[in-house]
Amino acid sequence: GAVVSQHPSWVICKSGTSVKIECRSLDFQATTMFWYRQFPKQSLMLMATSNEGSKATYEQGVEKDKFLINHASLTLSTLTVTSAHPEDSSFYICSARDSTSGSTDTQYFGPGTRLTVL
Amino acid sequence: GDSVTQMEGPVTLSEEAFLTINCTYTATGYPSLFWYVQYPGEGLQLLLKATKADDKGSNKGFEATYRKETTSFHLEKGSVQVSDSAVYFCALRRGGGGKLIFGQGTELSVKP
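Here the structure is a predicted model, which is why all the values come from computation and not from measurement.

Peer 1: Before we go on, may I ask you to explain the overall build of chain B in this structure?
Peer 2: Helix and strand counts for chain B stand at 0 helices and 12 strands. The C-alpha radius of gyration of chain B comes to 13 Å, within 12% of the 13 Å expected for a compact globule of 112 residues. Each principal axis of the C-alpha distribution contributes one length, and for chain B these read about 40 × 25 × 20 Å. Of all 112 residues assigned to chain B, the portion counted as buried reaches 44%. Here the contacts in chain B between residues at least 6 apart in sequence split such that 56% fall between residues at least 24 apart. Here chain B displays about 5200 Å² of accessible surface, and carbon together with sulfur accounts for 48% of that area. The centroid of the 11 positive side-chain charges in chain B is displaced by 9 Å from the centroid of its 12 negative side-chain charges.

Peer 1: Whenever I open this one, the state of the cysteines confuses me. Can you help?
Peer 2: Chemically, a disulfide is nothing more than a covalent bond linking the sulfur atoms of two cysteines. Summed over the entire model, instances satisfying the criterion amount to 2 disulfides over all chains. Between the sulfur atoms of Cys23(A) and its disulfide partner Cys94(A) the distance amounts to 2.0 Å. Looking down the S-S bond of the Cys23(A) and Cys94(A) bridge, the torsion is 80°, so its handedness is right-handed. Remark: Cys94(A) occurs in strand S9 (residues 90–97) and Cys23(A) occurs in strand S3 (residues 19–25); sequence separation between them is 71 residues. Given the relative accessible area of 0%, Cys94(A) is considered buried. Here Cys23(B) pairs with Cys90(B) through a disulfide, and the sulfurs are 2.0 Å apart. The S-S bond linking Cys23(B) to Cys90(B) shows a torsion near -70°; that makes this disulfide left-handed. Highlighted residues: Cys23(B) in strand S4 (residues 23–26) and Cys90(B) in strand S10 (residues 86–93), separated in sequence by 67 residues. A residue is classified by how much of its surface remains accessible, and Cys90(B), at 1% relative accessible area, is buried.

Peer 1: Hey, could you run me through the side chain of Lys66(A) in this one?
Peer 2: All names here are of chain A. Tracing the backbone through its elements, the reader meets lysine 66 in the loop between strand S6 (57–58) and strand S7 (67–73). Exposure remark for lysine 66: the relative accessible area of 12% places this residue in the buried category. Here serine 83 takes part through its backbone oxygen, which lies 3.0 Å from a polar atom of the side chain of lysine 66. A distance of 2.9 Å separates a polar atom in the side chain of lysine 66 from a polar atom in the side chain of aspartate 88. Not counting chain neighbours up to four residues away, the residues in contact with lysine 66 comprise Thr80, Val81, Thr82, Ser83, Ala84, His85 and Asp88.

Peer 1: What's the story with the pairing of S7(A) in this structure? I'm lost.
Peer 2: Each regular strand displays side chains that alternate between the two surfaces of the sheet. The sheet contact formed by S7(A) and strand S8 (residues 76–81) of chain A spans 5 bridges and is antiparallel. Counted as the bridge partner of Ile69(A) is Leu79(A) from S8(A).

Peer 1: Can you walk me through the pattern of salt bridges in this structure?
Peer 2: Counted according to the given criterion, the structure contains 7 salt bridges over all chains. Across the salt bridge formed by Lys66(A) and Asp88(A), the nearest N and O atoms sit 2.9 Å from each other. Separated by 22 residues along the polypeptide, Lys66(A) in the loop between S6 and S7 and Asp88(A) in the loop between S8 and S9 bring together distant segments of the chain. Here Arg94(B) ties to Asp2(B) by a salt bridge, and the two come within 2.7 Å at their closest N and O atoms. With Arg94(B) in the loop between S10 and strand S11 (101–102) and Asp2(B) in the segment before strand S1 (3–6), this pair connects stretches of sequence that are 92 residues apart.

What counts and how
Residues numbered from 1 in each chain as written. Chains lettered and ligands numbered in written order. Predicted model: local features only at pLDDT ≥ 70, side-chain atom pairs only at ≥ 80, totals over all residues. Heavy atoms only, no water. Helix = DSSP H or I, 4+ residues; strand = E, 2+ residues; numbered from the N terminus. Rg over C-alpha atoms; globule rule 2.2 N^0.38 Å. Buried < 20%, exposed > 50% of the residue type's maximum accessible area, 1.4 Å probe, protein only. Contact = heavy atoms within 4.5 Å. Areas by Shrake-Rupley, 256 points an atom, 1.4 Å probe, with all protein chains shown as cover. Lys, Arg positive; Asp, Glu negative; His and termini not counted. Charge placed at Lys NZ, Arg CZ, Asp CG, Glu CD. Disulfide = S-S within 2.5 Å. Polar contact = N/O pair within 3.5 Å; in protein donor to acceptor, adjacent residues only side chain to side chain. Pairing = 2+ DSSP bridges. Salt bridge = Lys/Arg side-chain N within 4 Å of Asp/Glu carboxyl O.

Next up, the structure:
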């Protein structure tokens, strides 16, 4: 089946530094990818929709200057947390929609990236 | 706004027990409803779905019926196995844009 990878799987950084998380669709093309954030014991919250070759669409309340999204190719989207602070510590999950599938239900999820900001 | 509410976990069952995980939703119109499963260390996987009222989604022995009158989509399985231990997420999508709204997840632990 279709696989989505995320790198790194976990990262620890100092407050004030920037961290980049990669999301790759390994065996299919994805014009649309989604970035979610998950707090412990809570649901996944959609942060933004990433469209290949265009600007991402951010959900209300998500700072676009803090969470930079780049979707430069059909198989890669990156999320950069700029000037990270301890409150940014969370589990970040991406998903990718198979562009060749006729169904918008065909969305594949990555295993997530655990970010800890000291 | 749209929302999904699941029963709180963790849920602990013995092997071969009957499973029910409750899910209710709030949404305008007629959303599509989904159950996703997340096994340890893996990404979420679509378990089953239903796109209109009274539809029943089923997969791997799991079932859920789209109940418009009670705005519910409860997940059931007649006989759980240890390998079913995972976190289960109920979700809805309104329209075809692919944007999913998730419940908080329910952790299931099945003991031999």
